[in-house]
Amino acid sequence: MLHIYRTTVHVKRVIAGLERMHRVLQPSSGRQRFLHTSLPVRYCSANVQTFDTMLSARRAEARRSILVQVSSERSYNELFQYCSQFGEIERSYHYRVDGDGDDDCHYILLEFASSDQADAAMQSGVFSSERPGVRARSIFLWFRTGPKPKLVAQDQPKRSLALVNGTQPIDDAELNGLLFAAESIDDQVTIMHRATKLNDLGKRLRFLAVRQLESSLQGMFPQAVAHPFGSSVNGYGRMGCDLDVILDLDSRSNDPSDRNSRLVYHTKATNPNERTQVQRQLESIGDVLQLFLPGVNSVRRILKARVPIVKYHHEHLDLEIDLTMNNTAGVYMSELLFLFGQLDARVRPLTFCIRRWAQAVGLTNQAPGYWITNFSLTMLVMYFLQQLPSPVLPSINKLIQLSAASQPTGSSPVTAAFGEGGPEWVCAFLKNPLIYGSFRSENQSTLEQLLVQFFEFYSQFDFNNRAISLNIGSTILKPDHSPIYIVNPLETMLNVSKNVNLEETELFRMQVRNALWLLETHGKDTTGTKASTPVELWGLGSLFGPKQHERITPQMFFTKRMLNVKDIFDEVPSDEPPLNQRQYRNSAVKNQIAAIQRDTKAEIHKLTSVDARSGSMDARTPSTIEGTGVKLKRNTKRR
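Visitor: Any chance you could explain the pairing of strand E11 (residues 474–477) here in plain terms?
Guide: If a strand is regular, its side chains alternate between the two faces of the sheet. Pairing of strand E10 (residues 466–469) with E11 involves four bridges; the strand directions are antiparallel. Bridged to serine 469 within E11 is serine 474. Taken together, E10 and the strand that follows it, E11, pair antiparallel across an intervening segment of four residues, in which glycine 473 is found at a positive phi of about 70°.

Below you can see the structure in the form of structure tokens.
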């Protein structure tokens, strides 16, 4: 349960962020209190939103919306009254983008009741004669100063701003205050998910970028469709995440043509090399984006990569966008992850928590490299949820069977949305809406229990010999010598974690064991009641708190130590009980600590024996390098 208000002395840390906490955790009904009802352990509903219905709803919202730049949020009353002449305004959101110096750019998103009303508002705009440049109509406008209003009392707008500065992510200090105010680690995971996930305004802005891309190209390519994928649509996106888009210039190329029509369009012959053709098309589209689309800047063309992309920044949306073509697997994978998140309400909060932990300890990085990516980490979470004694998620093969059983007799399977390169099982169950209500998990574990079990599972996993397969929900022998092998669910011959090297794999093993130890020793009952203990050092605060310099890293084992290892194991502080008298909630942690102690004492004994044998030699007799006559003075004392 969520109990945010506390009567302890530490509640002062939370008061500063109380208003933010109301916005993050307040129920949708608007009552000034927090949820005190138990969160559902099992989540299954026949009326759950599918991936296709979600995309259709977001596209419809973008079709009814315009974005207006204003001087500040105080301009909303005047903007509302002016734009109300075009139609009914249903929702409005405010946010700001950091500008040069102290001049921030303020924007208000207006959603009308219909797309015709939004078009009327957009068509009423005029071009500025003061700003030279290519004139292009778009949904991005700015609200210029009008005549001075008459000195009469003006009615307040019927609808207030739904959000003020709605794209500002929560900072670490405020998040730590919210986490400390929770009653349990289970509540901390839920609070962290709600406070950091991509909100409604963030999703709306991303679909505005999709709409701008489509409308700018549909004049020449009427069937052009931009398909968003990745964290922006799969339900695992956080505030500030990038937008990934796949552009399909001819979305209806597979539709049968009208045999009765005798007029046929002339088409340009394409390059027989598909990769070269995609590179040239993306290069030309990058020029269009940079030269003609308002708000688009910093266009970068990365055409020599394995998947050619065009990256650009949208200054009005404060958004980084990656554009690619003919990569339908990205959309199918997003739909699969969206389905996993809809099958059980604990999947997304647990994934958010583990991904933030990985970022805090340095396992993941925004730049490409040899480290674990967020996608690979998400695959590890999904596989763990499949391996529980009572699985939270089924295997993909199990979902295919459930989808086939739910199909009416004699009906044909629903085809994929676009492209022909998808595997057969995409048509079998991803597009079947009945699959969202076909599986019910019997697992009753809380988020806290699942988090601890995740670290226990991968602290003992055999990455050296076994590969992970979500399709069968089990492990297989590794096909190659990759340190971590995760079978791509769509293309089973590929490894999604092929980029991870051995050092990063060892770092992952160390960090999951360290996290397990931190949760064991920094529980609510051990540190949260001490007044002298910092508030961040319990629960999730101990996993990704502010003290990053205390994390275990491989570099620690290659630096010069100022402390004798023998002193650590031979001298027990008076205020600490011996190992055999300490109480552990987890027997695995106790066994690991005992094994480390035994191995270390054995190594120290070996070193001591070697020193004793070498000390028996005559230290006064200098040694000579054979064949050189150079004499070396032997050190009488080893370090």
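Now that the structure has been shown, the text picks up again.
Visitor: Sorry, what's going on with the pattern of salt bridges here?
Guide: Side chains carrying opposite charge are able to pair once their charged atoms draw close together. All told, the structure shown has 20 salt bridges when counted by the stated rule. Ionic pairing is found between aspartate 200 and arginine 58, a salt bridge with its closest N-O pair at 2.7 Å. In this pair, aspartate 200 is assigned in helix H8 (residues 200–217) and arginine 58 in helix H3 (residues 51–63), connecting sequence segments 142 residues apart. Judged by its relative accessible area of 13%, arginine 58 falls in the buried class. For glutamate 111, the salt bridge goes to arginine 204, with nearest N and O atoms at 2.6 Å.

Visitor: Where do I start with the environment of phenylalanine 457 in this structure?
Guide: Looking at the secondary structure, you find phenylalanine 457 in helix H15 (residues 447–459). Residue classification places phenylalanine 457 among the partly exposed positions, given a relative accessible area of 24%. With 70 residues separating them in the primary sequence, phenylalanine 457 and glutamine 387 have C-alpha atoms 9.2 Å apart. With sequence-adjacent residues up to four places away left out, phenylalanine 457 is seen in contact with Tyr383, Phe384 and Gln387.

Visitor: Please explain the nonpolar core as it appears in this structure.
Guide: Taken as a class, soluble globular proteins show a tendency for nonpolar side chains to be buried jointly. In this structure, Phe340 and Trp357 are the most contacted members of the largest nonpolar core, which totals 124 residues. Counting residues per element, this core draws most heavily on helix H10 (residues 329–343), at nine residues. Those residues in contact with phenylalanine 340 that sit more than four places away from it in its chain are Tyr236, Val347, Met382, Gln386, Leu393, Pro394, Ile396, Leu399 and Leu470. Formed by 15 residues, the second largest nonpolar core is a distinct cluster that contains Phe86, Phe112, Ala118 and Ala121.

Visitor: Explanation requested: the pairing of strand E5 (residues 225–229) in the structure shown.
Guide: Along E5, five of the five residues are buried, which leaves the element largely enclosed by surrounding structure. Along E5, one buried face is formed by Val225, His227 and Phe229 and the opposite face, lined by Ala226 and Pro228, is buried too. As judged from the five bridges shared by E5 and strand E6 (residues 243–248), these two strands associate in the antiparallel manner. If you follow phenylalanine 229 over to E6, its bridge partner there is aspartate 244.

Visitor: Just checking my understanding: could you explain helix H12 (residues 374–387) for this structure?
Guide: Taking 1.5 Å per residue as the helical rise, H12 with its 14 residues ought to reach 20 Å, and the 20 Å between its terminal C-alpha atoms agrees with that figure. For H12, the tally of buried residues reaches eleven of 14 residues, placing the bulk of the element in the interior. Here H12 has its buried residues at Ser376, Leu377, Thr378, Met379, Leu380, Val381, Met382, Tyr383, Phe384, Leu385 and Gln386.

Visitor: Which parts of the structure should I look at to understand the sheet that holds strand E3 (residues 105–112)?
Guide: The strands making up a sheet associate through hydrogen bonds between their backbones, and the pairing can be parallel or antiparallel. The strand order across the open sheet built from four strands is E2-E3-E1-E4, with neighbouring strands paired in mixed fashion. Looking along the sheet, the strands with just one partner apiece sit at the ends: strand E2 (89–97) and strand E4 (140–142). Sheet twist, expressed as the average angle between the axes of neighbouring strands with direction ignored, equals 25°. Note: strand E1 (residues 65–70) against E3, six bridges, orientation antiparallel. Residue pairing for E3: glutamine 69 is matched across the bridge by tyrosine 107. Along the sheet face, helix H4 (residues 76–83) touches E1, E2 and E3 and points at about 35° away from the line of E3.

Definitions and cut-offs
Residues numbered from 1 in each chain as written. Predicted model: local features only at pLDDT ≥ 70, side-chain atom pairs only at ≥ 80, totals over all residues. Heavy atoms only, no water. Pairing = 2+ DSSP bridges. Helix = DSSP H or I, 4+ residues; strand = E, 2+ residues; numbered from the N terminus. Salt bridge = Lys/Arg side-chain N within 4 Å of Asp/Glu carboxyl O. Buried < 20%, exposed > 50% of the residue type's maximum accessible area, 1.4 Å probe, protein only. Contact = heavy atoms within 4.5 Å. Core = buried A, V, L, I, M, F, W, Y, C linked by side-chain atoms within 4.5 Å. Expected span 1.5 Å × (residues − 1). Axes fitted to C-alpha atoms, helices over the stretch in contact; angles between N-to-C directions.

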